Amino acid sequence: YVRVSSVEQAREGVSLAAQDERIRAYCTVRGLELVEVVRDEGVSAGKPLASRPGGCRVLDALSAKRAAHVVVVKLDRAFRNAADALNVTADWDRSGVSLHVIDMGGNSLDTASAMGRMFLTVAAGFVSTGLRLSPSSPAAFGRPQRSTNVGNKSISSANAMVRFPAWRPPGIAI
């Protein structure tokens with residue numbers, strides 16, 4: 001499953017063609033027969049997988065038993081909502097379907113194992129939070145933002161990652 005939500009992403013190295021190439025190479029190395037590369041172009045992963053055209057095709061293929069694995073380059077290509085990620089993949093687990101995430105910080109993840117499932121659970125929380133903290137998220141463009149207290153300062157979640165370094169005292173760390 002490959003997805004981009006914008007033309008900018010395609011220019012920044014997460015193009016559909018680049019994702020397709022990495023998935024094909026991964027399937028070859030892992031000995032997985034690639035049945036189809038399902039594409040979602042210009043669709044946000046903030047939407048549940050079942051509400052995206054490509055997501056519906058993936059779910060239909062799995063329910064018809066045409067595939068037993070779903071391969072994505074990064075978790076955020078398939079999910080940006082922790083609840084959707086965990087609920088969908090729990091259904092896949094019960095059906096014997098594994099999710100493979102090729103790039104999890106330099107390692108791959110496969111939910112066929114208990115450790116893979118545990119790492120997915122943690123990663124889903126980070127991916128979900130990343131959507132809200134990203135400066136390019138809808139929150140940064142006028143949607144209400146949560147505030148976070150850090151010491152005696154209150155900051156908006158969209159600016160948290162940018163402002164923290166300025167608050168650190170100077171010095172040397174080991």
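Right above here is the structure, for reference.
Since the model is a prediction, treat every value here as computed from it, not as a measurement.

1. Some points on the pattern of salt bridges
Tallying each qualifying case throughout the model produces 10 salt bridges. Here Arg-94 and Asp-91 are joined by a salt bridge, their closest N and O atoms 2.3 Å apart. Highlighted residues: Arg-94 and Asp-91, both in helix H5 (residues 82–94), separated by 3 residues, approximately one helical turn. Several salt bridges converge on common partners, so that one network encompasses Arg-22, Lys-74 and Asp-103.

2. Details of the layout of surface pockets
Here the second largest pocket defines a volume of roughly 330 Å³. Residue lining of the second largest pocket: 19 residues in total, with Val-35, Glu-36, Ala-67, His-69 and Val-70 positioned closest to the centre. Residue assignment for the lining of the second largest pocket shows that the elements contributing at least two residues are helix H2 (16–30), helix H3 (53–63) and strand S3 (69–72). The biggest single contributor to the lining of the second largest pocket is H3, with 4 residues. For the lining of the second largest pocket, a count of residues per class yields 14 nonpolar, 1 polar and 4 charged.

Cut-off values and rules
- Residues numbered from 1 in each chain as written.
- Predicted model: local features only at pLDDT ≥ 70, side-chain atom pairs only at ≥ 80, totals over all residues.
- Heavy atoms only, no water.
- Salt bridge = Lys/Arg side-chain N within 4 Å of Asp/Glu carboxyl O.
- Helix = DSSP H or I, 4+ residues; strand = E, 2+ residues; numbered from the N terminus.
- 1 Å grid on protein atoms, 1.4 Å probe; cavity = no way out; pocket = protein on both sides within 12 Å on 5 of 7 lines; lining within 4 Å.
- Points joined across faces, edges and corners; volume = space filled by probe spheres on them.
- Nonpolar A, V, L, I, M, F, W, Y, C, P; charged D, E, K, R; others polar.

In short, shape yes, function no, at least from these values alone.
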